[in-house]
Amino acid sequence: MTEHETPSSHGPDLLAAEYVLGVLDVSEREAAETRLQEDADFADAVARWQGRLGPLAAPVSPVSPSPALKRRIEAALFGSGTTETSSTGWLGSLVFWRTTTAVSAVAAAIAIAVNLVQPTGPAGPLEPDGVETSSSGYFAALRDGDAAPVILVRFEPDTGELVLSGPVASDLADPVQPELWIIPPGEAPRSLGLIADTDGVVDSRVPVGAELVAAIGEGAVLAISLEPPGGSPTGAPTGPVIAVGTVQTL
Amino acid sequence: MDPERPKALLKQVSLGSRSAFSELYDITNAKLFGVTLRILHDRAEAEEAVQDCYLNVWRRAAKYDAGRASAMSWLIAVARNAAIDRLRRRRETAPLESAPEPADESHSAEDLVVFAGEADRLHDCLGALSGKESEFVRQAFMTGQSYPEVARAADKPLGTVKSVIRRALMKLRDCLEPS
């Protein structure tokens with residue numbers, strides 16, 4: 001009898017579809033949510049169905065909620081003292097170097113970018129058979145939002161180092177230290193280490209541990225957050241993100 | 001809106017950027033409120049669902065997988081979950097009879113940009129379903145109704161509605177990702 005079949009009797013993918021569509025009753029939804037926490041395959045199926053069915057919302061007309069809603073949400077997340085200023089946050093810290101060194105810094109950053117994109121020498125080591133590997137040269141331009149590159153990062157496979165260049169904000173009242181993170185596609189951020197900050201200009205080489213070299217590849221995201229001296233106490237970014245960018249092949 | 005923008009912002013939100021969260025809210029809140037309002041038919045409750053949604057977005061942004069769903073689709077899923085949870089709770093205490101609204105078929109220019117080719121593909125695949133199949137799927141999505149509620153609204157047996165929707169979902173999957 002079709003009417004008495006349970007959702008799960010049709011397999012996890014159909015249950016995921018029914019959960020995302022929203023046709024399950026309260027107890028079935030709760031069971032699906034428990035499974036979501038425990039069953040990675042099911043969670044994956046749910047994520048795929050979210051992607052498939054999301055465009056069903058295309059015809060829904062946007063409606064503006066009360067302007068107070070944003071303040072309520074930010075107060076709930078960040079505390080009541082951060083209603084208007086929260087939107088400046090780490091962006092404000094970048095305004096500092098923009099207004100002081102902006103023109104020359106951006107010009108320098110772009111110049112470096114051009115040099116990196118059009119390397120004059122070989123981009124990387126040669127394979128034993130003499131064929132240059134396409135994956136040997138990696139490059140990322142870390143930006144603050146849509147702004148010009150803030151920090152340029154180049155991976156040197158010879159030395160296993162990431163070479164960073166560009167200006168970084170260092171006007172913050174509290175002592176902070178920039179920390180570099182890599183986020184492989186679909187994974188959590190992993191620390192690549194702290195960045196030396198000399199008079200507000202990053203000129204640093206970050207050695208990449210053998211276990212992280214494999215994570216450096218096209219599509220991975222590099223990000224810099226401001227952390228307490230000594231680095232993030234939790235192993236995950238805790239402070240504001242000042243620059244983010246995607247790794248590309250040279 | 002640049003369809004890639006929500007994705008870039010979600011990545012920054014996952015790293016704790018409040019300004020990215022603020023911008024993400026600014027460019028997506030009206031769409032998500034429209035979605036929760038269609039489900040809850042009550043501005044105050046729909047705003048609470050949007051609030052639940054963005055709290056979850058802040059906490060779970062790192063779980064978003066760009067290889068599985070567009071950022072906008074993921075945000076809509078988080079918003080619909082918040083609205084449906086509220087709808088189910090409300091109906092447990094005071095069942096409401098609300099007539100389903102017909103889906104608004106007009107695509108705004110903005111939506112076409114947000115969903116880009118995704119919406120066109122889904123639209124084509126919905127067009128390949130039978131009339132009842134696409135009608136029930138759209139209605140369930142828009143209203144957040146459970147199987148029994150869809151059946152009651154359509155005045156059809158529950159078993160019929162379940163098998164029509166299940167068949168439609170499997171057809172959609174095969175149409176969107178032909179093996």
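Residues numbered from 1 in each chain as written. Chains lettered and ligands numbered in written order. Predicted model: local features only at pLDDT ≥ 70, side-chain atom pairs only at ≥ 80, totals over all residues.

If you tally the helices and strands in chain B, you get eight helices and zero strands. Going residue by residue from the N terminus, the α and β elements of chain B occur as α-α-α-α-α-α-α-α. Out of the 179 residues belonging to chain B, those deemed buried represent 49%. Taking contacts inside chain B between residues at least 6 apart in sequence as the whole, the part at least 24 apart equals 66%. (Helix = DSSP H or I, 4+ residues; strand = E, 2+ residues; numbered from the N terminus. Buried ≥ 20, exposed ≤ 12 C-beta atoms within 10 Å, placed from the backbone. Contact = placed C-beta atoms within 7 Å.)

Turning our attention to the overall build of chain A. Helix and strand counts for chain A stand at six helices and nine strands. For chain A, the residues scored as buried account for 34% of the 250 residues in total. Taking the intrachain contacts of chain A between residues at least 6 apart in sequence as the baseline, contacts between residues at least 24 apart amount to 62%.

Here the focus is the confidence of the model for chain B. Averaged over every residue, the pLDDT of chain B is 87; the share at 70 or more is 85%. Reported confidence for the predicted complex is 0.91 by ipTM and 0.60 by pTM. (pLDDT = per-residue confidence, 0-100.)

Let us now look at the interface of chain A and chain B. At the junction of the two partners, chain A supplies 58 residues and chain B supplies 68 residues. Contributing elements (two or more residues each) for the side of chain A that touches chain B: α1 (12–21), α2 (26–38), α3 (40–53), α4 (68–78), α5 (89–117), β7 (221–227) and β8 (241–246) of chain A.

Moving on, we come to the packing of α4(A) against helix α3 (residues 43–60) of chain B. It is at 10 Å that the axes of α4(A) and α3(B) come closest, and there the two elements cross at 40°. With respect to each other, α4(A) and α3(B) are oriented oblique. Judged by the sense of rotation from one axis to the other, the crossing of α4(A) with α3(B) is right-handed. Contacts from L69(A), R72(A), I73(A), A76(A) and L77(A) in α4(A) reach E47(B), V50(B), Q51(B), Y54(B), L55(B) and W58(B) in α3(B). (Axes fitted to C-alpha atoms, helices over the stretch in contact; angles between N-to-C directions. Parallel < 35°, antiparallel > 145°, perpendicular 65-115°, else oblique. Left-handed = near helix turned anticlockwise from the far one by under 90°.)

As a further point, take α3(B). Compared with the 26 Å implied by 1.5 Å per residue over 18 residues, the 25 Å span of α3(B) between its first and last C-alpha is a close match. Here α3(B) has its buried residues at A46(B), E47(B), A49(B), V50(B), C53(B), Y54(B), V57(B) and W58(B). (Expected span 1.5 Å × (residues − 1).)

Another aspect to go through is the confidence of the model for chain A. Mean pLDDT over chain A works out to 71, with 62% of the residues at or above the 70 mark. Low confidence marks residues 169–173 of chain A, where pLDDT is under 50. Its contacts with residues over four positions away, or in another chain, come to 11 contacts.

With that settled, consider helix α1 (residues 5–14) of chain B. Residues and elements named next belong to chain B. Of all 10 residues in α1, eight are buried, a share of seventy percent or more. Turning to α1, its buried residues number three or more, namely P6, A8, L9, L10, K11, Q12, V13 and S14. Just past α1, the residue G16 takes up positive phi, approximately 95°.

Turning our eyes to something else, we now look at the packing of helix α2 (residues 18–40) of chain B against α3(B). All names here are of chain B. Relative orientation of the contacting elements α2 and α3 amounts to 135°, with a least axis distance of 9 Å. What the angle tells us is that α2 and α3 run oblique. Note on packing geometry: the crossing formed by α2 with α3 is right-handed. Of α3, the residues touching α2 (which contributes F21, Y25, N29, L32, F33, T36, L37 and L40) are R43, E45, A46, A49, V50, C53, Y54 and W58. In terms of residue class, the contact of α2 with α3 is made up of 12 nonpolar, two polar and two charged. (Nonpolar A, V, L, I, M, F, W, Y, C, P; charged D, E, K, R; others polar.)

With that settled, consider the pairing of β7(A). A regular strand carries its side chains on alternate faces of the sheet. Residue and element names in this part refer to chain A. Across the seven residues of β7, seven count as buried, placing the element largely inside the fold. A two-sided burial pattern is seen for β7, the buried positions comprising V221, A223, S225 and E227 on one face and L222, I224 and L226 on the other. Where strand β4 (residues 177–183) meets β7, seven bridges bridge the pair, whose relative direction is antiparallel. Following the sheet pairing, P178 is matched in β7 by L226. By the bridge criterion, five bridges tie β7 to β8 in an arrangement that is antiparallel. Residue pairing in the sheet places L222 in a bridge with G245 of β8. (Pairing = 2+ DSSP bridges.)

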